[in-house]
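Geometric and topological summary
Okay, here's what each chain looks like letter by letter:
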Amino acid sequence: MQQGLISLVHNKTSAVMLEVSCETDFVAKTLQFQQTVKNTADLLLERYQGKTDNIKTEIPVEEILNLELKDNQTVKDNLILVAGKLRENIQIRRALMVDVASQSDDLHIGGYVHPSVLVNSTRPNSPLGLYAAVVVFSFDNIYNQETTKSSTGKVKLIGRDLAQHIVGMNPSRVGKAPKVKMVRLVDEDGAPTSGGEKVERRLPVEGSRHLLKQGFLLESDLSVAEWLNHNRAQVKDFTRYRVAETIEENE
């Protein structure tokens, strides 16, 4: 099946990314399908958060289908009812649980769902789309010396911007940072400064699929490695979903 939607729901320490497939974009646009995707993701977050030992855990589809809902129904029973009403085959394709609560490191979770016209036309600001990414990262507030409130806001922005970059640039792995190069300082017009000073830079590597070597989506003159260094952050892991992609492509 080539249509469907991805839901990403998360809190400070846990996240669930879920893809549900259908046969046509007509069904993907319906409120009932979208509610089913979102409600199932919410259920997975509720049932699995804080209960996994690893940072990333693939949740087996069969296990999801057997989860009990109200009135002794299961997720599978509900999908059958929804599919019958919409007269189309609906399947849970995959789901990922990300949890940092049990980790000793001070890790954070960021997420981004690329908006879909299938959702925006009917329900704006819905956490559903055709692309999504979740990223696990650390943030060094010792050097930033910010208040708790401003630090929390900064962490959210870093997580969102990183996940948005991953959706847009599709890196295959975290990889290693670019090698340090000495670069001459230039002014706003691109001309060398009068002093001719040189600084150390980790410049983007064109065409790289390694996250740290890519030009950062929102500041393309910086490599992701440099942008992270400026923000005192480090990426530990990430996952990106695209509706109907082959599993090998995602790996």
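My aim in this report is to walk through the structure given alongside it, one point at a time. (Residues numbered from 1 in each chain as written. Predicted model: local features only at pLDDT ≥ 70, side-chain atom pairs only at ≥ 80, totals over all residues. Heavy atoms only, no water.)

1. Thoughts on the pattern of salt bridges
In this structure the tally under the stated criterion is seven salt bridges. The salt bridge partner of Glu-19 is Arg-93, with a shortest N-O separation of 3.3 Å. Here Arg-93 lies in strand S4 (residues 91-99) and Glu-19 lies in strand S2 (residues 14-22), a separation of 74 residues in the sequence. What makes Glu-19 buried here is its relative accessible area of 0%. The partner of Asp-161 in a salt bridge is Arg-160, with the nearest N and O atoms 2.9 Å apart. Residue Arg-160 is classed as partly exposed on the basis of its relative accessible area, which comes to 39%. Within the structure, one salt-bridge network assembled from shared partners comprises Glu-19, Arg-93, Arg-94 and Glu-245. (Salt bridge = Lys/Arg side-chain N within 4 Å of Asp/Glu carboxyl O. Helix = DSSP H or I, 4+ residues; strand = E, 2+ residues; numbered from the N terminus. Buried < 20%, exposed > 50% of the residue type's maximum accessible area, 1.4 Å probe, protein only.)

2. Considering the side chain of Ser-223
Position of Ser-223 among the secondary structure elements: in strand S10 (residues 219-223). Every residue in contact with Ser-223, bar those within four places of it in the chain, is listed here: Pro-178, Arg-202, Leu-203, Pro-204, Leu-212, Lys-213, Gln-214, Gly-215 and Phe-216. (Contact = heavy atoms within 4.5 Å.)

3. Re the nonpolar core
One finds Val-16, Leu-18, Phe-33, Leu-44, Val-75, Ile-90 and Ile-92 to be the most contacted residues of the largest nonpolar core, which totals 30 residues. By residue number, the principal contributor to this core is helix H2 (residues 31-48), which donates seven residues. The contacts of Leu-44, once residues within four sequence positions are left out, are Val-16, Leu-18, Gln-49, Ile-59, Ile-64, Leu-67, Ala-95 and Met-97. Listed in part, the 23 residues of the second largest apolar core include Ile-166, Val-174, Val-224 and Ala-233. (Core = buried A, V, L, I, M, F, W, Y, C linked by side-chain atoms within 4.5 Å.)

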